[in-house]
Amino acid sequence: LAKTTQPISMDSYEGQEVNITCSHNNIATNDYITWYQQFPSQGPRFIIQGYKTKVTNEVASLFIPADRKSSTLSLPRVSLSDTAVYYCLVGTPSYSGAGSYQLTFGKGTKLSVIP
Amino acid sequence: GAVVSQHPSWVICKSGTSVKIECRSLDFQATTMFWYRQFPKQSLMLMATSNEGSKATYEQGVEKDKFLINHASLTLSTLTVTSAHPEDSSFYICSAKPGTYSYEQYFGPGTRLTVT
């Protein structure tokens, strides 16, 4: 399982775009990159997932360079409700038949949005 | 879609007693479910992986006789904390994966366990 490194914390003002970068130097060929958001005392919530280049959905964009050794989660125009911990995870399903897809959570990035 | 529930959402028990936590996938069948533990201000730590109809696989350092996991159906997995002690107090979160080759994983809301 590829190890990930993220900034421990970030601050941003409301309305700004926030970019959180994650390093995963030993990402494997079959690994996907997934970002989760977690509010206190809640389970993580899926934000976005990608393999290469750029992925965009209604809440975020994910930029992945060609070497895939890093990825950047972009949150447009953050609001106070985006204050949370954001986790970057790298992994791949096991095709051995067991179907396990373990997610190893790093320390995450605590994003604080300031009014 | 893809909703995972946990019950109870919080529980307080006395030291030495056992507590069962349920994890259900409400609108999909989960071939694999995972159990995590999260201490305050720390990240999630994977405890075990359970596949329907087979024994759970525990992570290193997790006592399988203390944390009993049963995945009896494609929509239900249970975690039983046996002979609970105050150090078992934590936030327990389950997640479920729809399908063998799915990259997606959906998390429950978590269960806060306090052992007095």
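Our structure's up above, just so we're on the same page.
Residues numbered from 1 in each chain as written. Chains lettered and ligands numbered in written order. Predicted model: local features only at pLDDT ≥ 70, side-chain atom pairs only at ≥ 80, totals over all residues. Heavy atoms only, no water.

J.: How would you sum up unusual backbone geometry? Please name residues and give values.
T.: Residue and element names in this part refer to chain B. Residue Pro8 follows His7 across a cis peptide bond; omega there is 0°. Looking at the secondary structure, you find Pro8 in the loop between strand E1 (4-7) and strand E2 (10-13). With a phi close to 60°, Lys41 is a non-glycine residue in the positive phi region. If you trace the backbone, Lys41 turns up in the loop between strand E4 (30-38) and strand E5 (45-51). One non-glycine residue, Ser83, lies in positive phi territory at about 45°. Tracing the backbone shows Ser83 in the loop between strand E8 (76-81) and strand E9 (90-98). Ser83 gets classed as partly exposed once you look at its relative accessible area, which sits at 35%. (Helix = DSSP H or I, 4+ residues; strand = E, 2+ residues; numbered from the N terminus. Buried < 20%, exposed > 50% of the residue type's maximum accessible area, 1.4 Å probe, protein only.)

J.: Go over the nonpolar core, please, and point to the residues and values.
T.: Counting 24 residues, the largest nonpolar core has Trp35(B), Phe67(B), Leu79(B), Tyr92(B) and Leu113(B) as the members making the most contacts within it. Breaking this core down by element, the ones donating at least two residues are E2, strand E3 (19-25), E4, E5, strand E7 (67-73), E8, E9 and strand E11 (111-115) of chain B. Val18(A), Ile48(A), Ala60(A) and Leu75(A) belong to the second largest nonpolar core, which has 20 residues in total. (Core = buried A, V, L, I, M, F, W, Y, C linked by side-chain atoms within 4.5 Å.)

J.: Residues and numbers for the environment of Trp35(A), please.
T.: Here Trp35(A) shows up in strand E3 (residues 32-38). In this structure, the C-alpha to C-alpha distance between Trp35(A) and Ala60(A), residues 25 residues apart in sequence, is 9.9 Å.

J.: Could you give me a rundown of the environment of Lys107(A), with the residues and numbers involved?
T.: Within the secondary structure, Lys107(A) is located in the loop between strand E8 (84-91) and strand E9 (109-114). Put simply, Lys107(A) and Tyr87(A) are 20 residues apart on the chain and 7.3 Å apart in space, counted from C-alpha to C-alpha. When neighbours within four sequence positions are excluded, Lys107(A) is seen to be in contact with Ile8(A), Val85(A), Tyr87(A) and Ser43(B). (Contact = heavy atoms within 4.5 Å.)

J.: Outline the sheet that holds E3(A), supporting the account with residue identities and numerical values.
T.: All names here are of chain A. Pairing within the open sheet is mixed, and its five strands lie in the order E1-E9-E8-E3-E4. Each edge of the open sheet carries a strand with a single partner, namely strand E1 (9-13) and strand E4 (45-50). Averaged over all adjacent pairs, the angle separating strand axes in this sheet is 25°, with direction ignored. Alignment of E3 against E8, held across seven bridges, turns out to be antiparallel. Paired with Gln38 across the strands is Val85, a residue of E8. (Pairing = 2+ DSSP bridges. Axes fitted to C-alpha atoms, helices over the stretch in contact; angles between N-to-C directions.)

J.: Pulling in residues and values, what's your account of the state of the cysteines?
T.: Counting across every chain of the model gives two disulfides over all chains. Two residues share a disulfide in this structure: Cys22(A) and Cys88(A), whose sulfurs sit 2.2 Å from each other. Handedness of the Cys22(A)-Cys88(A) disulfide follows from its S-S torsion of about -75°: it is left-handed. Here Cys22(A), found in strand E2 (residues 18-23), pairs with Cys88(A), found in strand E8; they are 66 residues apart in sequence, far enough to count as distant. The two residues Cys22(A) and Cys88(A) agree in class, both being buried. Residue pairing for Cys23(B): its cysteine sulfur links by disulfide to Cys94(B), the two sulfurs lying 2.0 Å apart. (Disulfide = S-S within 2.5 Å.)

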